[in-house]
Amino acid sequence: MPLGRLILYVRDVEATIRFYEKHFGFKSHRQAGDRIVELLAPDGGTNLMIHPAAKAQKMGQSLVKLVFDIEHVEAFRARCAEEGLEFGPIHQADGYVFANAKDPAGNSISISSRAFRLKWGGDEPPPPEPVDQT
């Protein structure tokens, strides 16, 4: 059974929606009378449900990290930096690379090439990132 949705509890619903639309291609879906905004994943991935947080909830304190499968992490990271989203350093793992950041509500997010490591031959390091010459 596939995982269909994750709920993110946030203080600023609109900023969170803009963040995931701008940087990760989600499309917002709103229904009249529903306080939850569902962000539909591009390419059929897991949807995010953006839920207003209760006053007692601590932001960014969950033990969950959203991981986005990105084949060319460095190139994606550079594009995001141009748009104001700064990821931390790129880390080399077992045959893939990743970098971390936070969304506007303080939730941990990561961009990772882990899903593509078999394409590169298992535990071998990924090929060099393409360099934009423009």
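Everything numeric here is computed off the predicted structure, so don't read it as measured data.

What counts and what doesn't
Residues numbered from 1 in each chain as written. Predicted model: local features only at pLDDT ≥ 70, side-chain atom pairs only at ≥ 80, totals over all residues. Heavy atoms only, no water. Pairing = 2+ DSSP bridges. Helix = DSSP H or I, 4+ residues; strand = E, 2+ residues; numbered from the N terminus. Axes fitted to C-alpha atoms, helices over the stretch in contact; angles between N-to-C directions. Salt bridge = Lys/Arg side-chain N within 4 Å of Asp/Glu carboxyl O. Buried < 20%, exposed > 50% of the residue type's maximum accessible area, 1.4 Å probe, protein only.

Right, let's get into the sheet that holds strand E1 (residues 5-10). Taken in spatial order, the 4 strands of this open sheet run E1-E4-E3-E2, and their pairing is mixed. Sheet topology places E1 and strand E2 (27-29) at the edges, where each strand pairs with a single neighbour. Between one strand axis and the next, the sheet turns through 30° on average, direction left out of account. Pairing of strand E3 (residues 37-40) with strand E4 (residues 47-52), which is carried by 3 bridges, proceeds in the antiparallel orientation.

Let us look at the pattern of salt bridges. Under the definition given, this model contains 3 salt bridges. Ionic pairing is found between Glu-14 and Arg-30, a salt bridge with its closest N-O pair at 2.9 Å. With Glu-14 in helix H1 (residues 13-24) and Arg-30 in the loop between E2 and E3, this pair connects stretches of sequence that are 16 residues apart. The class of Arg-30 is partly exposed, set by a relative accessible area of 47%. With a closest N to O distance of 3.4 Å, Glu-74 and Arg-77 form a salt bridge. Within this pair, Glu-74 and its partner Arg-77 are both found in helix H2 (residues 73-82), separated by 3 residues, close to a single helical turn. Residue Glu-74 is classed as partly exposed on the basis of its relative accessible area of 31%.

Moving on: unusual backbone geometry. One non-glycine residue with positive phi stands out, namely Asp-43, at about 60°. Turning to its location among the elements, Asp-43 is positioned in the loop between E3 and E4.

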